[in-house]
Amino acid sequence: MCGIVGYIGNRDATPILIEGLKRLEYRGYDSAGVAILKNGNLNLKKQKGRVAELSRKALNNGMSGSLGISHTRWATHGGVTEENAHPHVSQDGKIAMAHNGVIENYVSIKKFLESKGYSFYSETDSEVFVNLIAYHYEKEDEDSPTRFFDSVRKCLRHIEGTYGIAVMCTECPNELVGARKGSPLIVGIGDEEFLIASDVSALISRTSNVVYLNDGELVSLKNGKLNLRTTDEEDLEPEIQKVDWEIQDSELGDYEHYMLKEIFEQPTALENAMRGRFTDDSSTAKFGGLNVSAQELRQVDRILFCACGTAWHACLVAEYLVERYARIPVEVEYASEFRYRNAPLDKHTLVIVISQSGETIDTLAALRESKRKGYKTLAINNSVGSTIARESDGGIYQHAGPEIGVASTKAFTSQLHIISMLALYLGRLRDMSYQDGVEYVEALKKAPELVADALKLNDQIEEMAAKYKDMQDCLFLGRQDMFPIALEGALKLKEISYIHAEGYPAAEMKHGPIALIGNECPAIVLATQPDIHTKLLSNIQEVKARGASVISVVNQSNPMPEGLVDDQIVIPDCHRSILPTLASIPMQLLSYHIAKMRGCDVDKPRNLAKSVTVE
Ligand code: F6R
């Protein structure tokens, strides 16, 4: 939530910042702003709405200078107005700051500053924050070469809450300061230039050498030098890491939307999830970074999966797959619930968190809470170097490449694939036979090809979308491992097309939601499992008897009887371990086409942001 970019170097900062903001726009798009410092003068432009509008305003006004900060906002404190847009500037006009996060004690700080004569133009916690820096700046020794940096550091000691910040001072035209606690911040080391950003995508066009800041760290970028310290004044040696993806990975290419591009990237994402992860005899999976021995894993008698949103749906699939193939009991928790629930866990519980971004605040908090209690933690994560990746005891990187569309698609199926591999690995450590392992691996390896086949349904689903695009409500039904896919189908549809949709276990429908059913509310029934096909058939009859249209998703060997359903989507036959992945494809395509036909902003749905770094 919210994206920040800062630049210091010898080039014109404005186009670099605007380009960076465009790449971070998925983190928030309520308003945007840029501040440039030149010859001690601060030039500030803010704009309600998208970065494209800010870009026109900033670039046409000839804003230039080689030090600047910028921000794209997802509103937390205060409405979507130009006043509330960042960067914020202190009352004395000396300090400018772009902030991502939430300051919890801003009310008391505001009162304190008001008592010192400060007044405020916006409703934001960030304006309070920047004024507290200004307050400390005035108290520092004027002649100190580290006056600005020290004032930020001292201010941070009084701040409760989360922040990733980029700050500059009109009296220090050669210095850019960044700091983080709870919100991500990365420094890019370029050719005689530094950048600061919330996410590598904003830096990658200029450098692949980065330093990930940890909580409680501050950085001063000044005269070509990078100084890293903690808020407790400990000097640190920066650890420079190489980012392993290219700028083209995050470009739209010939696609109309990132969401469609990412849907079509799924075969490759699954290949990447598997690369180098099977044993030579292809009878099980192997993972380099688990940091948990086979002996330790054999001791595990329960796994707790924790995540938010779509990643939580992946956890629900994990419950079915891990229990079926590894026979280990699984619990699934919303990270936001788990973190405050103080749930009693058995001492042999393994905690696995799933997060595409690796920065979701609730998932991170659940991870920290589990670690604090002494549990082993693993993360399934798509962002190398993210906070969750760094703080978990071990984990599995998805290698799905950057996911820019706000609605998760390829990251979800890549999570499902890794879960499938993990279920195999855990199963083979227990009772799964060598032969079953070999068959399982063969099935996993076929997944990219089968997903590519399922993607050929695109034209058929586009036609179907035209028929259903005006519906007001929609029910997604599935049983067992298709229940999470029903939930995910409903989430995809509602988040990008704003159609009310609910996912339900098919049989549970009779205990309430059947009241919604009628010709205004079609049902999408995931009827892909041969063992419960007849049960789903009955559920479909119940829906049809009440006058609703039914779209069934079936596999090749088990179609619905002629004339029973209104529309049918046939996915390829496959091993049960990859069925949730295959069944997700038509759900994604249907939502995409419906949203597009309704004129919705597919990649940037209203009120949403991709990386939820506030509670
Ligand atoms: C929905 C979606 C979200 C995320 C959720 C968790 O399409 O993308 O529900 O799944 O915000 O995000 P991560 O996986 O980054 O922790």
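Owing to the predicted nature of the structure, the values given are computational and were not obtained by experimental measurement.

1. A few points about the packing of aromatic side chains
Inspection of the entire model under this criterion finds six aromatic pairs. Ring geometry for Phe-112 versus Tyr-135: centroids 5.2 Å apart, planes at 90°, classification edge-to-face. You can see Phe-112 sitting in helix α3 (residues 106–115) and its partner Tyr-135 sitting in helix α4 (residues 125–139), a full 23 residues away along the chain. Between the aromatic rings of Phe-287 and Tyr-425, the centroid separation amounts to 5.7 Å while the plane-to-plane angle is 90°, which identifies the pairing as edge-to-face. Taken as a pair, Phe-287 in the loop between α7 (266–274) and α8 (294–299) and Tyr-425 in helix α13 (residues 410–429) lie far apart in primary sequence, 138 residues in all. As far as the burial class goes, Phe-287 and Tyr-425 line up, both buried.

2. Section: the nonpolar core
Counting 93 residues, the largest nonpolar core has Ile-303 and Phe-305 as the members making the most contacts within it. Shared between two domains, this core holds at least three residues of each, these being domain 2 (251–455) and domain 3 (456–602). If we skip the residues at most four places from it in the chain, Ile-303 touches Val-322, Ile-328, Pro-329, Val-330, Glu-331, Leu-350, Ile-352 and Leu-426. Judged by nonpolar contacts, the second largest core, of 31 residues, contains Tyr-29, Leu-195, Val-200 and Ala-202.

3. Observations regarding the site of the ligand
Around the ligand, a shell composed of 13 residues is seen, among which Ser-355, Gln-356, Ser-357, Thr-360 and Glu-495 lie nearest. In the model, an oxygen atom of the ligand is placed 2.7 Å from a nitrogen or oxygen of the Ser-357 side chain. At 2.9 Å, a backbone N or O of Ser-408 approaches an oxygen atom of the ligand. Summarising the interface, the protein chains cover 90% of the accessible area of the ligand, which totals 410 Å² for the free molecule. Tallied by class, the residues present in the shell around the ligand amount to four nonpolar, seven polar and two charged.

4. Quick word on the sheet that holds strand β11 (residues 209–212)
One open sheet holds the eight strands; their spatial order is β3-β2-β4-β1-β10-β9-β11-β15, and the pairing between them is antiparallel. Two strands bound the open sheet, and with one partner strand each, they are β3 (41–48) and β15 (241–242). Where helix α1 (residues 13–24) meets the sheet, it contacts β1 (3–8), β2 (31–38), β4 (67–73) and β10 (194–197), and its direction lies at approximately 155° from that of β1.

5. Focus: the pattern of salt bridges
Counting across every chain of the model gives 39 salt bridges. Between Arg-324 and Asp-481 there is a salt bridge, with its nearest N and O atoms 3.3 Å apart. Of this pair, Arg-324 sits in helix α9 (residues 309–326) while Asp-481 sits in the loop between β21 (473–478) and α16 (483–497), and the two are 157 residues apart along the sequence. We classify Arg-324 as partly exposed; its relative accessible area is 26%. The exposure class of Asp-481 is buried, given its relative accessible area of 0%. Three or more residues are tied together by salt bridges with common partners; here these are Arg-11, Asp-191, Glu-193 and Arg-206.

6. A closer look at empty space enclosed by the protein
All told, the structure shown has two cavities of 30 Å³ or more when counted by the stated rule. Size it by volume and the largest cavity reaches roughly 90 Å³. Around the largest cavity, the lining is made up of 15 residues, and of these Cys-2, Thr-76, His-86, Gly-101 and Ser-126 lie nearest the centre. Breaking the lining of the largest cavity down by element, the ones donating at least two residues are β6 (95–100) and α4. Split by residue class, the lining of the largest cavity holds five nonpolar, eight polar and two charged. Of the pockets and cavities examined, the second largest cavity occupies roughly 40 Å³.

7. Examining the environment of Val-292
With respect to the helices and strands, the residue Val-292 is situated in the loop between α7 and α8. Through-space distance from the C-alpha of Val-292 to that of Ala-411 is 24 Å; in sequence the pair is 119 residues apart. Apart from residues no more than four positions distant in its own chain, Val-292 is found in contact with Leu-297, Lys-376 and Leu-378.

8. Points about the domain arrangement of the protein chain
If you check the domain split of the protein chain, you get domain 1 (3–243), domain 2 (251–455) and domain 3 (456–602). Its C-alpha centre places domain 1 at a distance of 46 Å from the equivalent point of domain 3.

9. Regarding the sheet that holds strand β12 (residues 217–222)
Taken in spatial order, the seven strands make up an open sheet running β5-β6-β7-β8-β12-β13-β14, and their pairing is antiparallel. One side of each edge strand has no neighbouring strand; the edge strands of this open sheet are β5 (88–89) and β14 (235–236). As defined by bridge partners, strand β13 (residues 225–230) adjoins β14 across two bridges and the pair is classed as antiparallel. Pairing of Leu-228 across the sheet is with Leu-236, part of β14. The strands touched by α4 within the sheet are β5, β6 and β7 (163–169), with β6 carrying the most contacts at an inclination of about 140°.

Parameters and conventions
- Residues numbered from 1 in each chain as written.
- Predicted model: local features only at pLDDT ≥ 70, side-chain atom pairs only at ≥ 80, totals over all residues.
- Heavy atoms only, no water.
- Phe/Tyr/Trp six-rings, centres within 6.5 Å; stacked < 30°, edge-to-face > 60°.
- Helix = DSSP H or I, 4+ residues; strand = E, 2+ residues; numbered from the N terminus.
- Buried < 20%, exposed > 50% of the residue type's maximum accessible area, 1.4 Å probe, protein only.
- Core = buried A, V, L, I, M, F, W, Y, C linked by side-chain atoms within 4.5 Å.
- Domains from an automatic or database assignment.
- Contact = heavy atoms within 4.5 Å.
- Near = heavy atom within 4 Å.
- Polar contact = N/O pair within 3.5 Å; in protein donor to acceptor, adjacent residues only side chain to side chain.
- Areas by Shrake-Rupley, 256 points an atom, 1.4 Å probe, with all protein chains shown as cover.
- Nonpolar A, V, L, I, M, F, W, Y, C, P; charged D, E, K, R; others polar.
- Pairing = 2+ DSSP bridges.
- Axes fitted to C-alpha atoms, helices over the stretch in contact; angles between N-to-C directions.
- Salt bridge = Lys/Arg side-chain N within 4 Å of Asp/Glu carboxyl O.
- 1 Å grid on protein atoms, 1.4 Å probe; cavity = no way out; pocket = protein on both sides within 12 Å on 5 of 7 lines; lining within 4 Å.
- Points joined across faces, edges and corners; volume = space filled by probe spheres on them.

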